[in-house]
Amino acid sequence: MSAGGAARTTPVVEVEDVRKTYRSGTIEFEALRGIDMRINQGEYVAVIGPSGSGKSTLMNILGCLDVPTEGRYLLGGEDVSRMSEAELAHARNRRIGFVFQQFNLLPSLPAWRNVELPLVYAGVARADRRARAVRALERVGLGDRVNNRPGELSGGQQQRVAVARALVGEPDIILADEPTGNLDSASTTAVLELLDELHASGRTIVLITHEHDVAERAGRSLVIRDGLLADELVAS
Ligand SMILES: Nc1ncnc2c1ncn2[C@@H]1O[C@H](COP(=O)(O)OP(=O)(O)OP(=O)(O)O)[C@@H](O)[C@H]1O
Ligand SMILES: [Mg+2]
């Protein structure tokens, strides 16, 4: 990562008038009603807002897990709507690390196998994968738990495995959707400190939360209400 000024002002995420309408049967619901935002390389941005305001909908679009109904999303300068399924999967794998509220670990696999998954998709050689997965687990303080399955780990430890999985491929962006929603306060602090460290090492962090004290870690908070950007708070 370059330490120069240019890197700091390179947008990694550009969202232009993004709308998302969910349809179930004849019922339509507009979960995002025209969102504009830009996130620069190396920024730490929180997205906050009440339950149902559209935060996860936005995160799914930013993470290329879903596409906008209208509007444009540029990821690293590339228009996501012009990508094929294969290109999307590739962009997702190469550029984005996910952390979810429910951890989303595979219960039958030991920690290191969960962590190596993004590297499997990226086509990294087997021996390399194990070494990198173990290093990522050491980085989150779980060097002594690499062979444990998720069910043998505490909630906080499981979420740290998920953080290791998010960082192992060295993605540009870490997207975390309520990563501390199921954690006690000690584990919350541990996970937030890990995100701080990742930010300090140059990663772009997008943290979705409805808790203001969690959002205070970020340099900037975008407030979403009823599918619209309602406010922007910049840390002093
Ligand atoms: N697949 C879907 N089909 C229909 N409506 C949906 C779907 N997914 C979400 N919604 C609706 O879109 C709105 C936004 O949902 P979203 O999950 O983005 O909210 P959120 O801000 O993440 O809320 P929370 O804080 O509770 O996680 C909600 O009203 C929700 O009911
Ligand atoms: Mg949500």
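Further up the page is the structure itself.
What you see is a predicted model, and the numbers here were worked out from it, not measured in a lab.

Trainee: Explanation requested: the nonpolar core in the structure shown.
Mentor: Note on soluble globular proteins: their nonpolar side chains tend to be buried together. Val115, Leu137, Val140, Val161, Val163, Ile174 and Leu195 are the most contacted members of the largest nonpolar core, which has 40 residues in total. Those elements giving two or more residues to this core turn out to be β3 (44-48), α4 (111-121), α5 (126-139), α6 (155-168), β7 (173-177), α7 (185-200), β8 (204-209) and α8 (212-215). For this core, the leading source of residues is α6, giving seven residues. In this structure Leu137 touches Ala111, Trp112, Val115, Leu142, Gly143, Val146, Val161 and Ala164, once residues within four positions along its chain are discounted. Met59, Leu62, Cys64 and Ile96 belong to the second-largest nonpolar core, a separate cluster that totals 29 residues.

Trainee: Would you explain the environment of Glu138 in this entry?
Mentor: For Glu138, the location among the structural elements is in helix α5. Sequence spacing of Glu138 and Ala164 is 26 residues, and the spatial spacing of their C-alpha atoms is 8.6 Å.

Trainee: Please explain unusual backbone geometry as it appears in this structure.
Mentor: Leaving glycine aside, a negative phi is the common case for residues, and trans is the common case for peptide bonds. We note that Asp17 has phi near 45 degrees; this positive angle belongs to a residue other than glycine. Mapped onto the fold, Asp17 is located in strand β1 (residues 11-24). For Cys64, which is not glycine, the phi torsion reads 60 degrees and is therefore positive. Its location among the elements puts Cys64 in the loop between α2 (55-62) and β4 (70-75).

Trainee: When you look at the pattern of salt bridges in this model, what are you seeing that I'm missing?
Mentor: If the charged atoms of two oppositely charged side chains come close together, the side chains can form a pair. Within this structure, the stated rule accounts for 16 salt bridges. The partner of Glu43 in a salt bridge is Arg220, and the shortest N-O contact between them spans 2.8 Å. Here Glu43, found in the loop between β2 (27-40) and β3, pairs with Arg220, found in strand β9 (residues 220-225); they are 177 residues apart in sequence, far enough to count as distant. No difference in accessibility class separates Glu43 from Arg220, as the two residues are buried. In this structure, the salt-bridge partner of Glu116 is Arg113, at a minimum N-O distance of 3.1 Å. On the criterion of helical spacing, the pair formed by Glu116 and Arg113 is a turn pair, its members being three residues apart in helix α4. Exposure remark for Arg113: the relative accessible area of 27% places this residue in the partly exposed category. Salt bridges here are not isolated pairs; linked through shared partners, they connect Glu16, Arg72, Asp79 and Arg82.

Trainee: Whenever I open this one, the site of ligand 1 confuses me. Can you help?
Mentor: Around ligand 1, a shell composed of Tyr22, Phe29, Ala31, Pro50, Ser51, Gly52, Ser53, Gly54, Lys55, Ser56 and Thr57 is seen. Measuring from an oxygen atom of ligand 1, one finds a backbone N or O atom of Ser56 at 2.9 Å. Separating an oxygen atom of ligand 1 from a side-chain N or O atom of Thr57 is a distance of 2.6 Å. Alone, ligand 1 offers 640 Å² of accessible surface; in the complex the protein occludes 61% of this. Elements represented by at least two residues in the shell around ligand 1 include exactly β2 and α2. In terms of residue count, α2 provides more of the shell around ligand 1 than any other element does, three residues in total.

Trainee: Sorry if this is basic, but what is going on with α6 here?
Mentor: For an α-helix, the turn length of 3.6 residues means that residues three or four places apart are oriented alike. Helix length check: α6, at 14 residues, gives a terminal C-alpha distance of 20 Å against a target of 20 Å (1.5 Å per residue), a fit within 8%. Buried residues dominate α6, accounting for 13 of its 14 residues.

Trainee: Explain the side chain of Thr57 to me, please; I cannot follow it from the model alone.
Mentor: With respect to the element layout, Thr57 can be found in helix α2. Of the residues examined, Thr57 reaches a relative accessible area of 9% and is grouped as buried. A polar contact of 2.9 Å, which involves the side chain of Thr57, links it to the side chain of Tyr22. Aside from chain neighbours lying at most four places away, what touches Thr57 is Lys20, Tyr22, Ala31 and Leu32.

Reading the values: rules and limits
Residue positions are given per chain, counted from 1 along the sequence in the order it is written. In the order they appear in the text, chains get letters beginning with A and ligands get numbers beginning with 1. Where totals are concerned, whole chains, interfaces and linings use all residues; where local detail is concerned, this predicted model gives features only for residues with pLDDT of at least 70, and gives and counts side-chain atom pairs only at 80 or more. Excluding hydrogens and water, the side-chain values take into account all heavy atoms of the structure. Among buried residues, those of type Ala, Val, Leu, Ile, Met, Phe, Trp, Tyr and Cys that are joined through side-chain atoms within 4.5 Å constitute a nonpolar core. Relative accessibility decides the category of a residue: with a 1.4 Å probe and only protein chains considered, values under 20% of the type maximum give buried, values over 50% give exposed, and everything between is partly exposed. The helix count covers DSSP runs of H or I at least four residues long, the strand count covers runs of E at least two residues long, and both are numbered beginning at the N terminus. Contacts are assigned to residue pairs with any non-hydrogen atoms lying within 4.5 Å of each other. The term salt bridge refers to a side-chain nitrogen of Lys or Arg lying within 4 Å of a carboxyl oxygen of Asp or Glu. Put simply, a residue is near a molecule or strand once any heavy atom of it comes within 4 Å of that molecule or strand. Any pair of N or O atoms that falls within 3.5 Å is considered a polar contact. Within protein, one atom must be able to donate a hydrogen and the other to accept it, and sequence-neighbouring residues count only if both atoms are side-chain atoms. Every accessible area reported is derived by Shrake-Rupley at a probe size of 1.4 Å, with residue values counting cover from the shown protein chains alone. Residue count minus one, scaled by 1.5 Å, sets the expected span of a helix.

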